[in-house]
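Chain residues, written in single-letter form:
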Amino acid sequence: MCFSANASFIAGAALTVAGVVSVSQVRKPAHLIFACMPLFFAIQQICEGFVWTSLTNPDFASWHEPSKYAFLVFAQVIWPFFIPLSILSIEPSPKKRKIILYFLFIGIACSLILCYRLFFLQASAQIDGCHIAYKIGWSKIMLAITGTLYLTAIVISPFFSSWKNAVILAAVNVLSLVTTEVFYEAYLVSVWCFFAAAQSVLVVLVMRDIKKRINHVKELESEQEKLQ
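Residues numbered from 1 in each chain as written. Predicted model: local features only at pLDDT ≥ 70, side-chain atom pairs only at ≥ 80, totals over all residues. Heavy atoms only, no water.

*Asks:* It is not clear to me how the overall build of the chain should be interpreted in this structure. Could you clarify?
*Replies:* On a plain count of helices and strands, the chain comes out with 9 helices and 2 strands. Along the chain direction, N to C, the helices and strands of the chain fall in the order α-α-α-α-α-β-β-α-α-α-α. For the chain, contacts bridging at least 24 residues in sequence account for 71% of all contacts bridging at least 6. Accessible surface for the chain amounts to roughly 11700 Å². Of this, 69% is attributable to carbon and sulfur atoms. (Helix = DSSP H or I, 4+ residues; strand = E, 2+ residues; numbered from the N terminus. Contact = heavy atoms within 4.5 Å. Areas by Shrake-Rupley, 256 points an atom, 1.4 Å probe, with all protein chains shown as cover.)

Encoded structure:
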């Protein structure tokens, strides 16, 4: 989380609970990908908690590089392909699945480019006021290209979901992005990830809806069998 180590660890603990609840709603193995989203955000927030700790407590200085890169791997490499993949995993409409698949390809391309960037260029993390500023060298052209790919894969793909609460999640994500750009532009990576982590609690609602739909279908099938 973007405010303190304690806040990051508390957020990680809360998201872990949300993740456990979300996973408990799973009725099909494929849906586990989407249901695990809060758990992945929990890990990311805990990693940033250790980034804070390594920057404020000399005794934990050796934790800085591992925690910093673990956080950035989630932010820069995992989320671009994981978000469209998770949306694809719960999509029941064949037509929409084909559309979301294109976003997955875009996300994979973005993840590969940003993975190259993270591996070959130096990344830094410094406390600036109440936030952590992450910086990685990159040309303006590449920033524009990867930024476009990143936002396309993460922000737009959920809008094609057939699940109402998934679309609401996408809308809230857009609102949080705009808020971050306006008020916390210099800390985009840290602050937007916090907002996204908080929003991932909505995953529980999506999984609840899916569970209800599956149970309803099973009830209908059971009634049909009895009539036969």
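Still to come is the rest of the account.
*Asks:* I tried to follow helix α5 (residues 94–120) on my own but got confused; where do I start?
*Replies:* Counting along an α-helix, one turn takes 3.6 residues, and residues three or four places apart therefore face a common direction. With 27 residues, α5 extends 39 Å between its outermost C-alpha atoms, agreeing within 8% with the 39 Å of an ideal straight helix rising 1.5 Å per residue. Every buried residue belonging to α5 is among Ile100, Phe103, Leu104, Gly107, Cys110, Ser111, Leu114, Arg117 and Leu118, and all of these are buried. (Expected span 1.5 Å × (residues − 1). Buried < 20%, exposed > 50% of the residue type's maximum accessible area, 1.4 Å probe, protein only.)

*Asks:* Help me understand the side chain of serine 111 in this model?
*Replies:* Mapping serine 111 onto the fold places it in helix α5. A distance of 2.6 Å separates a polar atom in the side chain of serine 111 from the backbone oxygen of valine 77. What serine 111 contacts, discounting residues up to four positions off in sequence, is Gln76, Val77, Pro80 and Phe81. (Polar contact = N/O pair within 3.5 Å; in protein donor to acceptor, adjacent residues only side chain to side chain.)

*Asks:* What exactly am I supposed to notice about the packing of helix α3 (residues 37–56) against helix α4 (residues 64–89) here?
*Replies:* For the pair α3 and α4, the least separation of the axes is 8 Å and the interaxial angle reads 160°. Relative to α4, α3 is oriented roughly antiparallel. Pair α3 / α4 crosses with left-handed handedness. Where α3 abuts α4, its residues Met37, Phe40, Phe41, Ile43, Gln44, Cys47, Glu48, Phe50, Val51, Ser54 and Leu55 lie against His64, Ser67, Lys68, Ala70, Phe71, Phe74, Ala75, Trp79, Phe82, Ile83 and Ser86. In the contact of α3 with α4, the residues fall into 15 nonpolar, 5 polar and 2 charged. (Axes fitted to C-alpha atoms, helices over the stretch in contact; angles between N-to-C directions. Parallel < 35°, antiparallel > 145°, perpendicular 65-115°, else oblique. Left-handed = near helix turned anticlockwise from the far one by under 90°. Nonpolar A, V, L, I, M, F, W, Y, C, P; charged D, E, K, R; others polar.)

*Asks:* How do you make sense of the pairing of strand β1 (residues 123–128) when you look at a structure like this?
*Replies:* Looking down a regular strand, the side chains alternate between one sheet face and the other. Looking at chain direction, β1 and strand β2 (residues 131–136) are connected through 6 bridges and run antiparallel. Its bridge partner lying in β2, alanine 123 is registered against isoleucine 136. Linking two consecutive strands that pair antiparallel, namely β1 and β2, is a turn of 2 residues; a positive phi of about 70° is found at glycine 129 within it. (Pairing = 2+ DSSP bridges.)

*Asks:* Help me understand the packing of aromatic side chains, please; the structure alone is not making it clear to me.
*Replies:* Considering all chains together, one arrives at 12 aromatic pairs under this definition. With a centroid separation of 5.5 Å and 75° between ring planes, the pair formed by phenylalanine 60 and tryptophan 63 is classed as edge-to-face. An aromatic cluster is defined as three or more aromatic residues linked by ring pairs; in this entry it consists of Phe40, Phe41, Phe74, Trp79 and Phe82. (Phe/Tyr/Trp six-rings, centres within 6.5 Å; stacked < 30°, edge-to-face > 60°.)

*Asks:* Would you mind showing me how to read the confidence of the model for the chain here?
*Replies:* Keep in mind that low pLDDT regions are not for reading the predicted coordinates in detail. Here the chain averages 86 in pLDDT, while 86% of its residues score no lower than 70. Per-element mean pLDDT across the chain ranges from 63 in helix α8 (residues 188–199) up to 96 in α5. (pLDDT = per-residue confidence, 0-100.)

*Asks:* What should I look at first to understand the environment of leucine 32 in this one?
*Replies:* By the element assignment, leucine 32 lies in helix α2 (residues 32–35). In sequence terms leucine 32 and serine 22 are 10 residues apart; their C-alpha atoms lie 8.8 Å from each other.

*Asks:* Got a minute to help me understand the packing of α4 against α5 in this structure?
*Replies:* Where α4 meets α5, the closest approach of the two axes is 7 Å, and the angle between their N-to-C directions is 165°. The angle between α4 and α5 places the two elements in the roughly antiparallel class. α4 and α5 meet at a crossing whose hand is left-handed. Partitioning the contact of α4 with α5 into residue classes produces 19 nonpolar, 3 polar and 2 charged.

*Asks:* Honestly, the pattern of salt bridges in this entry has me stumped. Any pointers?
*Replies:* If charged atoms from side chains of opposite charge come close, those side chains can pair. Considering all chains together, one arrives at 2 salt bridges under this definition. Between glutamate 65 and lysine 68 there is a salt bridge, and its shortest N-O distance comes to 3.0 Å. Pair noted here: glutamate 65 and lysine 68 are both in helix α4, with a separation of 3 residues, about one helical turn. Among the residues examined, glutamate 65 registers a relative accessible area of 38% and is labelled partly exposed. For arginine 208, the salt bridge is made with aspartate 209, and the minimal N-O distance between the two is 3.9 Å. A relative accessible area of 37% places arginine 208 in the partly exposed class. (Salt bridge = Lys/Arg side-chain N within 4 Å of Asp/Glu carboxyl O.)

*Asks:* Explanation requested: the side chain of threonine 53 in the structure shown.
*Replies:* In this structure, threonine 53 sits in helix α3. One polar contact links the side chain of threonine 53 to the main-chain carbonyl oxygen of glycine 49, over a distance of 2.9 Å.

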